Amino acid sequence: MSKVPHILVSNDDGYLAPGLLALVNALRPLGKLTIVAPEQNHSGASNSLTLSRPLSIHRVAGGERDGFLFVNGTPTDCVHMAMTGFLESKPDLVVSGINQGENMGEDVLYSGTVAAAIEGVMFGVPGIAFSQVDRGWAQIENAAKAARDIVTQALQEPMERVDGIATLLNVNIPNGHYEQLKRWRVTRLGTRHHSQPVIVQQNPRGENIYWIGPAGEARDISPGTDFHAINEGCISITPMQLDLTHHARQASMRASGWDRE
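Fair warning: this is a prediction, and the values are worked out from it, not measured in the lab.

Novice: Quick rundown of the overall build of the protein chain? Include the residues and the values.
Specialist: On a plain count of helices and strands, the protein chain comes out with 6 helices and 13 strands. Taken over the C-alpha trace, the protein chain has a radius of gyration of 19 Å; the compact-globule value for 261 residues is 18 Å, and the two agree within 12%. Its C-alpha atoms give the protein chain principal-axis dimensions of roughly 60 × 55 × 45 Å. A buried classification covers 48% of the 261 residues belonging to the protein chain. Restricting to contacts in the protein chain with at least 6 residues of sequence separation, those with at least 24 account for 76%. For the protein chain, the exposed area adds up to about 13900 Å²; of that, 53% sits on carbon and sulfur atoms.

So this is what it looks like as structure tokens:
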């Protein structure tokens, strides 16, 4: 890429999250950065857009997050607003993260981190979502260095469009020293068992309240999956697509007479 690349950075843990700051600092040498992130944590927000109220955008002045923009909405809101009105031109890449906790298997359907990258792809811009496997931000600076290496690779060898669709990558990084994070594997999504039951508690008035239960344990951890790569200490890089059509089922339904003219 001959010109200085422009990278739009977002996340779902909020603009104050250590993972976002570490990622931004690691990516600064690679080009021009615009940071637009949610004001609050929106983990599990998936691809939700805020349509029931107006949104506000504010700029941080001073400190280590100087110039960061934050929106009182979801990760998708952040990228959508940037693409449709705030930026003068489309960025070259959308990078989301670094999330606190893994996004593997079916997690990607709920993840706000992945959703921010997806929103870029929907506007024709390649997207990369980064997550650190273990929560707590341990070794986050090392994870950010590994993320920088992957972004560098993506910029040096621009991610190919397939059928005109921009590339989407979901990346999970083990917690570890930087030297341990130089083994990458291109993977597919594994699968999880069903989520654990809701947790029932009572509020001070004796009424039941409910917490969504934890995600299910990994089920398909066979070689080639994101779970398998992480279990072997490798960074997992999963190319994803937005086409949800079940093409085999579509063909069988047509063959059995579902089409009516």
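Novice: Talk me through the nonpolar core; I want residue IDs and the actual numbers.
Specialist: Within the largest apolar cluster, 39 residues are counted, with the highest numbers of intra-cluster contacts made by Val9, Phe130, Val151, Val171 and Ile173. Mapped onto this core, the elements with two or more residues apiece are strand 1 (6-10), helix 1 (18-27), strand 2 (32-38), strand 5 (93-100), strand 6 (127-132), helix 4 (140-156), strand 7 (168-173) and strand 13 (235-240).

Novice: Can you break down the pattern of salt bridges residue by residue, with the values?
Specialist: Counted under the stated rule, the structure contains 9 salt bridges. Between arginine 205 and glutamate 207 there is a salt bridge, with its nearest N and O atoms 3.7 Å apart. Given a relative accessible area of 65%, arginine 205 falls into the exposed group. Because the salt bridges share partners, they merge into one network encompassing Glu102, Asp107 and Arg192.

Novice: Run through the sheet that holds strand 1, naming residues and quoting values.
Specialist: Within a sheet, adjacent strands bond to each other through the backbone by hydrogen bonds, running parallel or antiparallel. Spatially, 9 strands are ordered 3-4-2-1-5-6-7-13-8 in an open sheet, and the strand pairing comes out mixed. Each edge of the open sheet is held by one strand with a lone partner, namely strand 3 (57-59) and strand 8 (184-186). Strand-to-strand, the axes of this sheet are offset by a mean angle of 20°, without reference to chain direction. Pairing of strand 3 with strand 4 (residues 69-71), which is carried by 3 bridges, proceeds in the antiparallel orientation. Across the sheet, the residue bridging to histidine 58 is phenylalanine 70, located in strand 4. Packed onto the sheet, helix 1 meets strand 1, strand 2, strand 5 and strand 6 and runs at close to 140° relative to strand 5.

Novice: Describe helix 4, and please don't skip the residues or the numbers.
Specialist: One full turn of an α-helix is made of 3.6 residues, so residues set three or four places apart face in the same direction. If you check helix 4, its first and last C-alpha atoms are 24 Å apart, about what 17 residues at 1.5 Å a residue would give, namely 24 Å. Those residues of helix 4 that sit buried are Ile140, Asn142, Ala143, Ala144, Ala146, Ala147, Ile150, Val151, Ala154 and Leu155.

Novice: Pulling in residues and values, what's your account of the packing of helix 2 (residues 75-86) against helix 3 (residues 112-122)?
Specialist: As a packed pair, helix 2 and helix 3 sit with axes 8 Å apart at the nearest point and diverge in direction by 20°. In terms of orientation, helix 2 lies roughly parallel with respect to helix 3. Crossing hand, helix 2 versus helix 3: right-handed. Facing Pro75, Thr76, Val79, His80 and Met83 of helix 2, the residues of helix 3 in contact are Gly112, Ala115, Ala116, Glu119 and Gly120.

Novice: Give a detailed account of unusual backbone geometry, specifying residues and quantitative values.
Specialist: Here the residue pair glycine 97 and isoleucine 98 is connected by a cis peptide bond, since its omega of -10° sits within 30 degrees of zero. Here isoleucine 98 is to be found in strand 5. For serine 46, which is not glycine, the phi dihedral falls at a positive 50°. Along the chain, the position of serine 46 falls in the loop between strand 2 and strand 3. Given the relative accessible area of 18%, serine 46 is considered buried. For glutamine 139, which is not glycine, the phi torsion reads 65° and is therefore positive. Checked against the element boundaries, glutamine 139 lands in the loop between strand 6 and helix 4.

Thresholds applied
- Residue positions are given per chain, counting from 1 as you read along its sequence in written order.
- Side-chain atom pairs in this predicted model are given and counted only at pLDDT of 80 or more, local residue features only at pLDDT of at least 70, and totals for whole chains, interfaces and linings cover all residues.
- Water and hydrogen atoms were dropped before computing side-chain values, which therefore reflect all heavy atoms in the structure.
- Where helices and strands are cited, they refer to DSSP runs of H or I of at least four residues and of E of at least two residues respectively, numbered from the N terminus.
- Atoms counted for the radius of gyration: C-alpha only. Globule rule: 2.2 Å times the number of residues to the power 0.38.
- Here's how the labels work: a residue is buried when its accessible area is under 20% of the maximum for its type, exposed when over 50%, partly exposed in between, all with a 1.4 Å probe on protein chains only.
- We call two residues in contact when some of their heavy atoms are within 4.5 Å.
- The protein chains shown are the only cover counted for residues, whose accessible areas, like all others here, come from Shrake-Rupley with a 1.4 Å probe.
- The criterion is simple. A nonpolar core is a set of buried Ala, Val, Leu, Ile, Met, Phe, Trp, Tyr and Cys residues joined through side-chain atoms within 4.5 Å.
- By definition, a salt bridge exists where a carboxyl oxygen of Asp or Glu is found within 4 Å of a side-chain nitrogen of Lys or Arg.
- Strands were regarded as paired on the criterion that DSSP finds at least two bridges between them.
- To define axes, lines are fitted to C-alpha atoms, for helices over the stretch in contact only, and angles between the resulting N-to-C directions are given on a 0 to 180 degree scale.
- Take the residue count of a helix, subtract one, and multiply by 1.5 Å to get its expected span.
- If an angle is under 35 degrees, it is roughly parallel; if it is over 145, roughly antiparallel; if it lies from 65 to 115, roughly perpendicular; otherwise it is oblique.
- If you view the pair so one helix is near and one far, a crossing is left-handed when the near helix is turned anticlockwise from the far one by less than a right angle, and right-handed when it is turned clockwise.

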